[in-house]
Amino acid sequence: MALTTIGTAARQGATAFTRQRRDFAGGLFKAVILLSLIVSLAVLAVLIVDTVADGWAQLSTRAWDFLNGSLRSRSIDDKLGVKQGLYGSLWIGIIVAASAFPVGVGAAVYLEEYAPKSRWSSIIELVIRNLAGVPSVVYGLLGLFLFVERSTIFGFLGLGWLADATGGRSVLSAGLTLAVLVLPIVIITAQEAVRAVPTGLKEGAYGLGATKSEMVRTQILPYAAPGILTGTLLAMSRAIGEAAPLILVGAISGGLTRNPDVWDTSGLREKFTALPIIIVEWVSERGRDPGFATAAAAAIVVLLVLVLLMNMTAILLRNRFEKKRG
Amino acid sequence: MTTGHDTRLDSFNDTGLDPFNTKGGRPEDPDMTATDQRADEPVLDPAAREGAELPTERTVIFDVEELNVYYGDFRAVRDASLKVHKNEITAFIGPSGCGKTTLLRCFNRMNDLIETARVTGSLRYHGVDLYHPKVDSVEVRRQIGMVFQKPNPFPKSIWANVAYGPRVAGLAKKGPAMDDIVENSLRKAALWDEVKDRLDENALGLSGGQQQRLCIARAIATDPDVLLMDEPCSALDPIATTRIEELMHGLKDDYSIVIVTHNMQQAARVSDRTAFFSVEVNPESDTRTGILVEYDSTQKMFSNPADERTENYVTGRFG
Ligand SMILES: Nc1ncnc2c1ncn2[C@@H]1O[C@H](COP(=O)(O)OP(=O)(O)O)[C@@H](O)[C@H]1O
Ligand SMILES: [Mg+2]
């Protein structure tokens, strides 16, 4: 009896669940978001298509020669190409990853797990966050004084040997400078990854008699690995696109005598260039020799592909580690 | 009062020697087993052992005296005193926020991980002051295992989960010796038959109840003396809960168990002794401090408690 009453009531009341009010604000918000997404994607697409079209004359006819060629004074030179820049950029990426990764992860683990929570540690975190926003030219200056010239301040601090070790204006100096530049970003992303490790895992390890370093090694690092790797590789692609600090640490766009092969490490302590520098140079040359406009566009495409490859590696690595994490 | 008090370890402590720095060595004393005079197996149902008094001369494992636990300035537990006995199941019951977890986590120095946590008073384990500066918390946790409220298996294989503790303790390396430890631990945790064919699979693929039994197996694998369990069944369904309760009853022969539970029936079903905690509201600071109201044999606590507050709580008349 009671049940039937409820049943009928529900059936009659079904209209109560149909929409009474329209959510105008929500609809408007969705539309605005969608519009801005479409606009930004469209701008990006136009830029890419335009660049590829501009560089097509180089890429379609002599892509391999372009990748293997070197800096030339005339754009119709059939030895014109970006190999020296590719060499510089690739090694800058490797040096950045190899130095910023361990230091960044170490700093993040220290700050999250070891440093006592005090006023000092929060000041340090604030400083790191601010360093991530410092203009790259400033890092260029730092690199110039720290790695390139034997400056008085750093000599006084006992760091004068760095400039000797790097060979002055070299790929090594540039890579280390950019490593310092991306270090705050690496630390911040690694910190976030470390913080995301579930308390249950940490307590589980401690509860079984693990020491702190065992806990870090067996729980924190494996669990945080995907996040840390992604952060590092994104930082690496940012470093590869930088031009301003490279100018300060002495990347040059002419007078390079050598064109070393990719794995020829003897070029690391010598005069160098990098893709962003070549692009800037060729764009500025296009008034004198319009053919350089095409070359610059082609070089941009090469740089984009390099960055894209790195980001893809980041995603693949992250997926692999996440799968391991279960 | 001082039944089963291990004087040898007392002197250890006085000379400043750390009984926990001997790897895997538990403060074993031949006399200890001799003092452990258990007349008969206590039965699961407290009603069935009506009148059967618990042997009071049973070895004391933990001797807690006037223990206070603070988080910063906030006192979470005030003046708790109780004794935990060997091969018994001791239950902590009480409303939420009365400091059961806080007190339990003192027993294996898990509170050390919380920076603000501070302990005063005395907490002796086989006569050794657990908070003595020379006592190493890592060694403490190797002997006093813990099972957490939410099952927390590592995102590794079932085998690797169980092998974790023995590996960090250096008890065994990969190989037949470790395989034996893994098998024995899983058998004791009543999980072996369910997982023996998939030891290489990720532990996160197990059901909640299986995960919790895996966590028990993992804790057993380090060959601890005591198991601390913080509401081990609160995330489980009734069937999984029953399995864990049966399992605890079997484990009692080898281990001493302290279990926190908010489920009074569970305390009544599994435990030998029950401690009832409550909160005391401080009118000035509006803070709530946990206090130990009453501690006695479970049978007495549920049939004839001395304190009115206990009676109200166990009969369900408590808000
Ligand atoms: N890490 C912590 N920091 C500060 N206060 C805490 C912390 N953990 C627990 N508390 C407080 O201590 C009191 C006791 O908590 P808890 O031991 O978890 O109670 P129970 O397990 O009995 O529910 C509560 O008031 C709680 O808010
Ligand atoms: Mg609790």
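Rules of the game
- Within each chain, residues carry numbers counting from 1 in the order of the written sequence.
- To read the labels, note that chains go from A and ligands from 1, taken in the order they are written.
- Where totals are concerned, whole chains, interfaces and linings use all residues; where local detail is concerned, this predicted model gives features only for residues with pLDDT of at least 70, and gives and counts side-chain atom pairs only at 80 or more.
- The side-chain quantities take in all heavy atoms of the structure and omit both hydrogens and water.
- When checking whether two residues touch, look at their non-hydrogen atoms; a contact exists if any pair is within 4.5 Å.
- Summed over both partners, buried area is the accessible surface (1.4 Å probe) that two parts give up on being assembled.
- Think of it this way: any DSSP run of H or I at least four residues long counts as a helix, any run of E at least two long counts as a strand, and we number them from the N terminus.
- Helix axes use the C-alpha atoms of the stretch in contact, all axes being lines fitted to C-alpha atoms, and the angles between their N-to-C directions lie in the range 0 to 180 degrees.
- The cut-offs work like this: below 35 degrees is roughly parallel, past 145 is roughly antiparallel, 65 to 115 is roughly perpendicular, and the gaps in between are oblique.
- Left-handed describes a crossing whose near helix is turned anticlockwise from the far helix by less than a right angle; the clockwise case is right-handed.
- Any residue that is not Ala, Val, Leu, Ile, Met, Phe, Trp, Tyr, Cys, Pro, Asp, Glu, Lys or Arg is counted as polar, Gly included; the first ten are nonpolar and the last four charged.
- Whenever a nitrogen or oxygen atom comes within 3.5 Å of another N or O atom, the pair is scored as a polar contact, on the condition that within protein one atom can donate a hydrogen and the other can accept it, and that pairs from neighbouring residues in sequence are kept only if both atoms are in side chains.
- Burial classes: relative accessible area under 20% of the type maximum marks a residue as buried, over 50% as exposed, and values in between as partly exposed (1.4 Å probe, protein chains only).

1. Section: the interface of chain B and chain A
The interface of chain B with chain A comprises 25 residues on the first partner and 21 residues on the second. Summed over both sides, the interface of chain B with chain A buries roughly 1,700 Å², with 58% coming from carbon and sulfur. Contributing elements (two or more residues each) for the side of chain B that touches chain A: helix 4 (137–143), strand 6 (144–147), helix 5 (158–169) and helix 8 (208–220) of chain B. Element by element, the count of residues in the side of chain B that touches chain A is highest for helix 5 of chain B, at four residues.

2. Observations regarding the packing of helix 9 (residues 199–207) of chain A against helix 10 (residues 212–241) of chain A
Residue and element names in this part refer to chain A. Between helix 9 and helix 10, whose axes approach to 10 Å, the crossing angle comes to 150°. Here helix 9 is positioned roughly antiparallel relative to helix 10, judged by the angle of their axes. Pair helix 9 / helix 10 crosses with right-handed handedness. Only Lys 212, Met 215, Gln 219, Ile 220 and Tyr 223 of helix 10 make contact with helix 9, whose side of the interface consists of Leu 201, Lys 202, Ala 205 and Tyr 206. A class-by-class count of the residues in the contact of helix 9 with helix 10 yields six nonpolar, one polar and two charged.

3. A look at the side chain of Glu 214 of chain A
Considering the arrangement of structural elements, one finds Glu 214 of chain A in helix 10. A polar contact is formed between the side chain of Glu 214 of chain A and the backbone nitrogen of Thr 211 of chain A, at a distance of 2.8 Å. Residues in contact with Glu 214 of chain A, not counting those within four places in the same chain, are Gly 209 and Gln 219 of chain A together with Arg 142, Tyr 164 and Val 168 of chain B.

4. Re the environment of Ala 177 of chain B
Residue and element names in this part refer to chain B. Among the structural elements, Ala 177 can be located in helix 6 (residues 176–188). Under the relative-accessibility criterion, Ala 177 is labelled partly exposed at 48%. Sequence separation between Ala 177 and Ser 81 is 96 residues, and the spatial gap between their C-alpha atoms is 41 Å.

5. Observations concerning the packing of helix 5 of chain B against helix 8 of chain B
Residues and elements named next belong to chain B. Between helix 5 and helix 8, whose axes approach to 7 Å, the crossing angle comes to 35°. Packed against helix 5, whose contacting residues are Ile 158, Asn 161 and Val 162, the element helix 8 presents Leu 214, Ala 217 and Arg 218 at the interface. Across the contact of helix 5 with helix 8, the residue classes break down as four nonpolar, one polar and one charged.

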